[in-house]
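Descriptive structure summary
So the chains spell out like this:
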Amino acid sequence: MNSANKPVSSEGRTYHVETREGEVANRVITVGDAARARALAKHLDRILFERASHRGFLTITGMYRGVPVSIVAIGMGQAMMDFFVRETRMVVRGPLTIVRFGSCGSICPAKIGDLVVASSAFAITRNFAFFGPAPSGSSGSNNSSNSDGGPAAREPYLLWPAVPSDPGLTQAIAGNLRQALGDAHVYEGAVGNADSFYGSQGREGSDFYDANGTLIRRIHAEQPDAAALEMESHMLFHLAHTSTGPAGAAPPSIRAACALMVYADRAGNAFIAPETSARMVNAAARAILDALVDDAPTQDGLHPSAGAV
Ligand code: R1P
Ligand code: URA
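Reading guide: rules and limits
- In this convention, every chain numbers its residues from 1, walking through the sequence in written order.
- The naming scheme follows written order: chains are lettered A onward, ligands numbered 1 onward.
- Since the coordinates come from a predicted model, pLDDT governs what is reported: local features require at least 70, and pairs of side-chain atoms require 80 or more to be given and counted, while whole-chain, interface and lining totals use all residues.
- Each side-chain value is derived from all of the structure's non-hydrogen atoms; neither hydrogens nor water enter the calculation.
- Under the DSSP-based scheme used, a helix requires at least four consecutive residues in state H or I and a strand at least two consecutive residues in state E, with every element numbered from the N terminus.
- Each residue gets one of three labels from its accessible area relative to the maximum for its type: buried under 20%, exposed over 50%, partly exposed in between, using a 1.4 Å probe on protein chains only.
- Residue contacts are counted whenever heavy atoms from the two residues lie within 4.5 Å of one another.
- Residue exposure ignores everything except the shown protein chains as possible cover, and the areas themselves are Shrake-Rupley values with a 1.4 Å probe.
- Within this document, salt bridges are pairs made up of a side-chain nitrogen of Lys or Arg and a carboxyl oxygen of Asp or Glu, the two lying within 4 Å of each other.
- Note on definitions. A residue lies near a molecule or strand when any single heavy atom of the residue is within 4 Å of it.
- By the criterion applied in these results, polar contacts are pairs of N or O atoms within 3.5 Å in which, for protein atoms, one can donate a hydrogen and the other can accept it, and in which residues neighboring in sequence qualify only through two side-chain atoms.
- Under the convention adopted here, Pro, Cys and the residues Ala, Val, Leu, Ile, Met, Phe, Trp and Tyr are nonpolar, Asp, Glu, Lys and Arg are charged, and Gly plus all remaining residues are polar.
- Inter-axis angles, ranging from 0 to 180 degrees, are taken between N-to-C directions of lines fitted to C-alpha atoms, where helices are fitted over the stretch in contact.
- By definition, any crossing whose near helix is turned counterclockwise from its far helix by less than a right angle is left-handed, and any crossing with a clockwise turn is right-handed.
- Pairing between strands is defined by DSSP: at least two bridges between them are needed.
- Each Phe, Tyr or Trp ring (for Trp, its six-membered ring) is paired with any other whose centre lies within 6.5 Å, and the angle between the two planes then decides the class: stacked below 30 degrees, edge-to-face above 60, tilted in between.

Looking now at the overall build of the protein. Secondary structure summary: the protein contains seven helices and 11 strands in total. Expressed as a percentage of its 309 residues, the buried residues of the protein come to 51%. Long-range contacts, defined as pairs at least 24 residues apart, comprise 76% of the intrachain contacts of the protein with a sequence gap of at least 6. Total accessible area on the protein stands at roughly 13700 Å², and carbon and sulfur atoms take up 54% of it.

Once the charged atoms of two side chains with opposite charge are near each other, the side chains can pair. One pass over the structure, following the stated rule, counts 18 salt bridges. Where Arg20 meets Glu23, a salt bridge forms, and the shortest distance between an N and an O atom there is 3.1 Å. Here Arg20 falls in the partly exposed class, since its relative accessible area comes to 29%. Asp210 is the partner of Arg126 in a salt bridge, and the nearest nitrogen-oxygen pair spans 2.7 Å. Within this pair, whereas Arg126 is found in strand E6 (residues 115–126), its partner Asp210 is found in the loop between strand E9 (186–194) and helix H5 (215–222), the two being separated by 84 residues in sequence. Note on Arg126: relative accessible area 22%, which makes it partly exposed. Given the relative accessible area of 13%, Asp210 is considered buried. Linked through salt bridges whose partners overlap, the residues forming this network are Glu11, Arg13, Arg20 and Glu23.

Taken together, the residues surrounding ligand 1 are Gly32, Arg36, Met76, Arg100, Gly102, Ser103, Phe197, Glu230, Met231 and Glu232. Arg100 places a side-chain nitrogen or oxygen 2.8 Å from an oxygen atom of ligand 1. Note that an oxygen atom of ligand 1 is positioned 2.9 Å from one of the backbone N or O atoms of Met231. Notes on ligand 1: free accessible area 350 Å², of which the protein chains cover 86%. Among the elements that take part in the shell around ligand 1, strand E5 (residues 96–106) stands out by supplying three residues, more than any other. Of the residues contributing to the shell around ligand 1, the split by class is three nonpolar, three polar and four charged.

Here we come to the packing of helix H4 (residues 167–181) against helix H7 (residues 274–295). Packing of H4 against H7 brings their axes to within 8 Å, and their N-to-C directions diverge by 145 degrees. Note on packing geometry: the crossing formed by H4 with H7 is right-handed. Together, Gly168, Leu169, Ala172, Ile173, Asn176, Leu177, Ala180 and Leu181 of H4 and Ala283, Ala284, Ala287, Ile288, Asp290, Ala291 and Asp295 of H7 make up the contact between the two elements. For the contact of H4 with H7, a count of residues per class yields 11 nonpolar, two polar and two charged.

We now examine the environment of Asp114. You can see Asp114 is positioned in the loop between E5 and E6. Sequence separation between Asp114 and Val186 is 72 residues; the distance between their C-alpha atoms is 6.0 Å. Those residues in contact with Asp114, other than ones at most four positions away along the chain, are Ala184, His185, Tyr187, Leu260, Met261, Val262 and Met280.

As for its placement among the helices and strands, Ala52 is situated in strand E2 (residues 46–52). A relative accessible area of 55% places Ala52 in the exposed class. Put simply, Ala52 and Ala34 are 18 residues apart on the chain and 9.4 Å apart in space, counted from C-alpha to C-alpha. Discounting chain neighbours no more than four positions away, the residues touching Ala52 are Glu18, Phe57 and Leu58.

The buried fraction of strand E11 (residues 254–265) amounts to 11 of the 12 residues, a majority that puts the element mostly inside the structure. Bridge count for E6 against E11 is three bridges, and the pairing is antiparallel. Looking at the pairing, Val117 lines up with Ala259 of E11.

Throughout the structure, instances matching the rule amount to six aromatic pairs. Pairing Tyr263 with Phe271 gives two aromatic rings, centres 6.3 Å apart and planes at 75 degrees, and the pair type is edge-to-face. On the basis of relative accessible area, Tyr263 is assigned to the buried category, the value being 12%. Looking at Phe271, the relative accessible area reads 48%, which means it is partly exposed. Three or more aromatic residues link up through ring pairs in this structure, and these residues are Phe130, Phe131, Tyr157 and Tyr209.

Between two packed helices, what matters for the description is the angle formed by their axes and the separation of those axes. Remark: helix H1 (residues 34–41) packs on H7, axes separated minimally by 9 Å, with the N-to-C direction vectors making an angle of 65 degrees. Crossing of H1 against H7: the hand is right-handed. In this structure, H1 uses Arg36, Ala39 and Leu40 to contact H7, whose residues at the interface are Val281, Asn282, Ala285 and Leu289. Looking at the contact of H1 with H7, its residues break down into five nonpolar, one polar and one charged.

Have a look at this one:
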């Protein structure tokens, strides 16, 4: 992207995440919620930089075992992951390693309190053409299959091919988590990145026509190793897979992995209690931080001004 396409402030900060060169480390853990970011940051030896942006991003940069690490809370959904990855890529020189530490609903034997490490991630998107209204001049209608909308309109949801995580980083994270939590509590599999918590994750309700009663069955049929559903991992893996910059670096310039705490057991309606999720973050924090600093062959481009918190 040429600089005209990079919206930055007069201070050189990206428009949405609000970081600039020297403030973000080459090793990053990204989470959904700011409280999780702060809980992880308690495991750092030292905090060098912190900024909450006007668009809901929180970046905390510090040192872990003598290595710079950033923790970035991004909120929810593919668009926020896209902002975060692209704007972070703009301000970090050299290779970038990103680990998502999120939460998910389990569609495998993993139970609330277990973790799922993503071997790959695929996208699940609502197929708007299916729901209509049909293009003018055709006879399709709302709340039924829009049969005039072409082949893509026949399914209410589109399942996109899985993109693998970085294998070395993924194995390092899975190995560390098994040591920390026990083999029985760590699962590996494909993660479905849905564009909604509701319709495209197969949650049925009567307020909207979602046509999703058989969606989870279809996911298992088309992606047999599917283990969990959430909302950001495929965008992360896709952008890592397509990363080319910065200039001079051999693509892909981003390596990515993802570990997810099971918050919902989709075989039933159970959802995690807040005290259990806080315990899980603390139990998994060092496993993930250690994998990130041990495994990633990245350079550290932190600028001394990052010390000015
Ligand atoms: C939905 O409740 C959110 O939780 C999951 C989903 O991906 C979505 O962002 O992850 P986080 O806990 O990391 O936000
Ligand atoms: N996050 C999701 O996206 N889905 C769940 O079921 C739980 C957490």
